[in-house]
Amino acid sequence: QVKSQGRNALCFFDPQMQIVISMRAQLEADLQMALTARQFVLHYQPQFHLDGRMVGAEALIRWQHPERGLVAPGEFIGVAEESELIVPMGHWVLRTACEQLAAWQGDERYRHLQVSVNVSARQFRQRDFVARVVEVLRETGARPHLLKLELTESLVLDNVDDTIAKIGMLKTKGVRFSVDDFGTGYSSLAYLTRLPLDQLKIDQSFVRNLGVRHTDDVIVQTILGMARNLELDVIAEGVETEAQKDFLARHGCVYFQGYLLGRPTPVADLEALIESATATATAVQG
Ligand code: C2E
Ligand code: MG
Ligand code: MG
Ligand code: MG
C-alpha cells in the first residue's frame, strides 16, 4: 500500500476506496446497459390545486431492474449525474414525458394535465439543451405550455447568465419553469427577480416539520410571502398530513404534491385515479 504523502496526496491503493470506486464503475456500466435495454420507467406523482382539481403530475424516473425490482432514483441518479450518463438519461425522460403529454392531449379526460420534468445541471448546461427541448416538443407534438421543467436552486444560481438565456429562449416557446427544492440553496431575491420563472417548489424538508419546528414555519411563510410579491406560483412538495396542508393553505399556498394526495404511480394508475375522481364529481352533481 502507498501511504498518503501529504495533505493533498491521493491514496490510490486504499482497499476500501478501491471497493467504492469499482462499485461506482459497475453501477455506471449497469446504468449504461439499462438505458440500452430500456429498463427505465417513469412514474407520475399527481399535483393538486387547493380546490381539489388534479392539475398535473411530476415525472419521476425508476429503474425496472431484472433482479432487484423497482429501484428508486436515490440509488442511481447521483452516479448518473456525476458521469455523462445523465445526459442521454435525461433526454430519454424528457422525450418519454412529452410522449405522455401528447397522448393525454388527445383525450379530453386528461388534456388539461401539465407534466413536470426534472432537469439536472449537466443536462441543462449542454450547449444544445434548448434545441433538444424544442426538437422533442416538435417531434412528439406535446403542447409546450403544459411542459414544466424543474431546475434546482443550485443549478439556477451556478451560472445565472446561461440560465437566464436558456430559460428565456424556452419561455418564448411557452415552456414553464419551476425551482425545485426551493429554500435549500443560497436563495437570493436578486436572482429571483432576474429569472423569468413560473413557480417555486418548497422543499419537503421544510414541509416535514411544519407546525412542529418554528423556524420551518417562518421559512415557509417567508417563501409564500415572497412568491406572492413576485407573482410566482408556489407548490409544496412532500405534503403528508392534513395539518401540513392546512398550514400551507392558510398562508397562501395553492398547489400541493405529496403522499397525502397521491404517491408516484405508473400512468395507468394515475389515469384510474382521475377517472374515479371524475366519476365521484359527476355523481355528486347528480
Ligand atoms: P424531487 O424532484 O425533489 O422529487 C420529489 C421526491 O420526493 C420524489 O422522490 C417523490 O417520490 C418524493 N415524495 C413525494 N411526495 C412525498 C411525500 O409526501 N413524502 C416523502 N417522504 N417523499 C415524497 P423520488 O421519486 O425517489 O426522486 C428523488 C429525486 O430523484 C427527485 O427529487 C429528483 O431530484 C431525482 N429524480 C427523479 N427523477 C428524475 C429524473 O427523471 N431526472 C433527474 N435529473 N432527476 C430525477
Ligand atoms: Mg422534482
Ligand atoms: Mg423537489
Ligand atoms: Mg427534494
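Residues numbered from 1 in each chain as written. Chains lettered and ligands numbered in written order. Predicted model: local features only at pLDDT ≥ 70, side-chain atom pairs only at ≥ 80, totals over all residues. Heavy atoms only, no water.

Asks: Could you clarify how one ought to interpret the nonpolar core in this entry?
Replies: In globular proteins that are soluble, nonpolar side chains generally tend to be buried together. Formed by 75 residues in total, the largest nonpolar core has its most connected members in Leu31, Leu147, Leu149 and Leu248. The element contributing the most residues to this core is helix H3 (residues 86–105), with nine residues. Among residues more than four places away in sequence, those in contact with Leu248 are Ile202, Val207, Leu210, Val220, Leu224, Ala236, Val239, Cys253 and Phe256. (Core = buried A, V, L, I, M, F, W, Y, C linked by side-chain atoms within 4.5 Å. Buried < 20%, exposed > 50% of the residue type's maximum accessible area, 1.4 Å probe, protein only. Helix = DSSP H or I, 4+ residues; strand = E, 2+ residues; numbered from the N terminus. Contact = heavy atoms within 4.5 Å.)

Asks: I'm lost on the packing of aromatic side chains in this one. Help?
Replies: With the rule as written, the count across this model stands at seven aromatic pairs. These aromatic residues form a ring-pair network of at least three members: Phe40, Trp63, Phe76 and Trp92. One cation-aromatic arrangement involves Lys166 over Phe124; the distance from NZ or CZ to the ring centre is 5.5 Å. Its guanidinium or amino end placed over the ring of Phe256, Lys245 lies 5.5 Å from that ring's centre, counting from NZ or CZ. (Phe/Tyr/Trp six-rings, centres within 6.5 Å; stacked < 30°, edge-to-face > 60°. Lys NZ or Arg CZ within 6 Å of the ring centre and 35° of its normal.)

Asks: Hey, could you run me through the pairing of strand E2 (residues 54–65) in this one?
Replies: As a general feature of sheets, a regular strand has side chains that alternate between the two faces. Most of E2 sits inside the fold, with 11 of its 12 residues counted as buried. Where strand E1 (residues 40–49) meets E2, nine bridges bridge the pair, whose relative direction is antiparallel. Bridging across to E2, Tyr44 finds its partner in Ala59. Here E1 hands over to E2 after four residues, with Gly52 in that stretch at a positive phi of 100°. Of the pairings in the sheet, the one linking E2 to strand E4 (residues 114–118) comprises four bridges and is parallel in character. The partner of Ala59 across the bridge, within E4, is Val117. The pairing of E2 with strand E3 (residues 69–71) spans three bridges and is antiparallel. Within E3, the position partnered with Gln64 by the bridge is Leu70. Connecting the antiparallel pair E2 and E3 is a turn made up of three residues. (Pairing = 2+ DSSP bridges.)

Asks: I'm lost on the site of ligand 1 in this one. Help?
Replies: Neighbouring ligand 1 are 22 residues, the closest being Arg62, Asp180, Gln204, Glu240 and Tyr259. Contacts to ligand 1 include Gln45, whose side-chain N or O atom sits 2.9 Å from a nitrogen atom. With respect to ligand 1, the side chain of Asp180 contributes an N or O atom lying 2.9 Å from an oxygen atom. Counting only elements with at least two residues in the shell around ligand 1, the list comes to E2, helix H2 (77–82) and strand E6 (176–182). By residue number, the principal contributor to the shell around ligand 1 is E2, which donates four residues. Classifying every residue of the shell around ligand 1 by side-chain character gives eight nonpolar, six polar and eight charged. (Near = heavy atom within 4 Å. Polar contact = N/O pair within 3.5 Å; in protein donor to acceptor, adjacent residues only side chain to side chain. Nonpolar A, V, L, I, M, F, W, Y, C, P; charged D, E, K, R; others polar.)

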